[in-house]
Amino acid sequence: MRLFIRLFFRLIRLILTPFMLLTEWLTTPKAMIRSPEQQAEVNAACQQLALYQFSACPFCIKVRKEMARLGLDIEKRDARHNASHRNDLQNGGGRVKVPCLRITATTSETAPERTGQWLYESDDIIRYLRQRFAGNTPT
Ligand SMILES: N[C@@H](CCC(=O)N[C@@H](CS)C(=O)NCC(=O)O)C(=O)O
């Protein structure tokens, strides 16, 4: 019975995924315009970020669209199909729930020990990204 339920939900996901991705593609906003220097600064700041996500998760789509609007080139890590990303999310963040923004910081240039934060909840991630990047230069 459990196998049947799992297969049923997998089938639903298989059917819905192309529609969700097509809708995302059709409704993704254009990126805000920055000068090349400002964009380079934003790109550098985005190196410290990674989004753990599933491709067909509506909450992840919401975050990806905001990333597109803000012109953020943030690495996307598939936590459904990539076991290593899934384990990192489980071990680092404490649960496999997406979206989750990994915010990496180095403690200092001389002792670049990597620290950071695992930010869950799509609304909190969007709020964080807007606060940091909605202006022309990252804060
Ligand atoms: N309130 C959360 C909902 C996120 C959510 O439910 N994500 C689903 C995928 S669409 C998930 O990760 N489910 C696995 C779980 O909750 O353990 C948000 O807005 O980010």
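Everything that follows concerns the structure shown earlier in this document.
Not measured: the values here are computed from a predicted model.

Novice: I tried to follow the pairing of strand 1 (residues 49–53) on my own but got confused; where do I start?
Specialist: Each regular strand carries side chains that alternate between the two faces of the sheet. The buried count for strand 1 comes to 5 of 5 residues, which makes it a mostly enclosed element. Going residue by residue along strand 1, you find Leu49, Leu51 and Gln53 tucked away on one face and Ala50 and Tyr52 tucked away on the opposite face as well. Note: strand 1 against strand 2 (residues 75–78), 4 bridges, orientation parallel. From the neighbouring strand, Gln53 faces strand 2, where its bridge partner is Asp78. In the classification by handedness, the crossover that spans strand 1, the intervening helix 3 (residues 58–69) and the parallel strand 2 is right-handed.

Novice: Would you mind showing me how to read the environment of Glu66 here?
Specialist: Within the fold, Glu66 resides in helix 3. Overall, Glu66 belongs to the buried group, its relative accessible area being 7%. Separated by 51 residues in sequence, Glu66 and Gln117 place their C-alpha atoms 20 Å apart. Ignoring sequence-local partners within four residues, the contact set of Glu66 consists of Ile126 and Arg130.

Novice: Even after reading the chapter, I still don't get the packing of aromatic side chains, so can you show me in this structure?
Specialist: Each aromatic ring pair is characterised by the separation of its centres together with the angle its planes make. Within this structure, the stated rule accounts for 2 aromatic pairs. Where Phe8 meets Phe9, the ring centres are 5.5 Å apart and the plane angle is 75°; that geometry is what we call edge-to-face. The class of Phe9 is exposed, set by a relative accessible area of 53%. Over the aromatic face of Phe54 sits the side chain of Arg80, whose NZ or CZ is 4.1 Å from the ring centroid. When the ring centre of Tyr120 is taken as origin, the NZ or CZ atom of Arg95, which lies over that ring, is 4.1 Å away.

Novice: What exactly am I supposed to notice about the side chain of Arg77 here?
Specialist: As for its placement among the helices and strands, Arg77 is situated in strand 2. A distance of 3.1 Å separates polar atoms of two side chains, one belonging to Arg77 and the other to Glu75. When neighbours within four sequence positions are excluded, Arg77 is seen to be in contact with Ala50, Leu51, Tyr52, Gln53 and His85.

Novice: How should the site of the ligand be read in this particular structure?
Specialist: Close to the ligand lie Cys57, Phe59, Val96, Lys97, Val98, Pro99, Glu121 and Ser122. Within the contact set of the ligand, a nitrogen atom lies 2.8 Å away from a side-chain nitrogen or oxygen of Glu121. Notes on the ligand: free accessible area 500 Å², of which the protein chains cover 64%. Taken together, the residues of the shell around the ligand sort by class into 5 nonpolar, 1 polar and 2 charged.

Novice: Hey, could you run me through the packing of helix 1 (residues 2–27) against helix 3 in this one?
Specialist: How two helices sit against one another is set out by the angle between their axes and by the gap between those axes. For the pair helix 1 and helix 3, the least separation of the axes is 11 Å and the interaxial angle reads 20°. When the axis of helix 1 is compared with that of helix 3, the two are roughly parallel. In the packing of helix 1 onto helix 3, the handedness of the crossing is right-handed. Contacts from Met20, Leu21, Glu24 and Thr27 of helix 1 reach helix 3 at Pro58, Ile61, Arg64 and Lys65. Looking at the contact of helix 1 with helix 3 residue by residue, the classes come out as 4 nonpolar, 1 polar and 3 charged.

Parameters at a glance
Residues numbered from 1 in each chain as written. Predicted model: local features only at pLDDT ≥ 70, side-chain atom pairs only at ≥ 80, totals over all residues. Heavy atoms only, no water. Buried < 20%, exposed > 50% of the residue type's maximum accessible area, 1.4 Å probe, protein only. Helix = DSSP H or I, 4+ residues; strand = E, 2+ residues; numbered from the N terminus. Pairing = 2+ DSSP bridges. Right-handed = clockwise from strand over helix to strand, strands pointing away. Contact = heavy atoms within 4.5 Å. Phe/Tyr/Trp six-rings, centres within 6.5 Å; stacked < 30°, edge-to-face > 60°. Lys NZ or Arg CZ within 6 Å of the ring centre and 35° of its normal. Polar contact = N/O pair within 3.5 Å; in protein donor to acceptor, adjacent residues only side chain to side chain. Near = heavy atom within 4 Å. Areas by Shrake-Rupley, 256 points an atom, 1.4 Å probe, with all protein chains shown as cover. Nonpolar A, V, L, I, M, F, W, Y, C, P; charged D, E, K, R; others polar. Axes fitted to C-alpha atoms, helices over the stretch in contact; angles between N-to-C directions. Parallel < 35°, antiparallel > 145°, perpendicular 65-115°, else oblique. Left-handed = near helix turned anticlockwise from the far one by under 90°.

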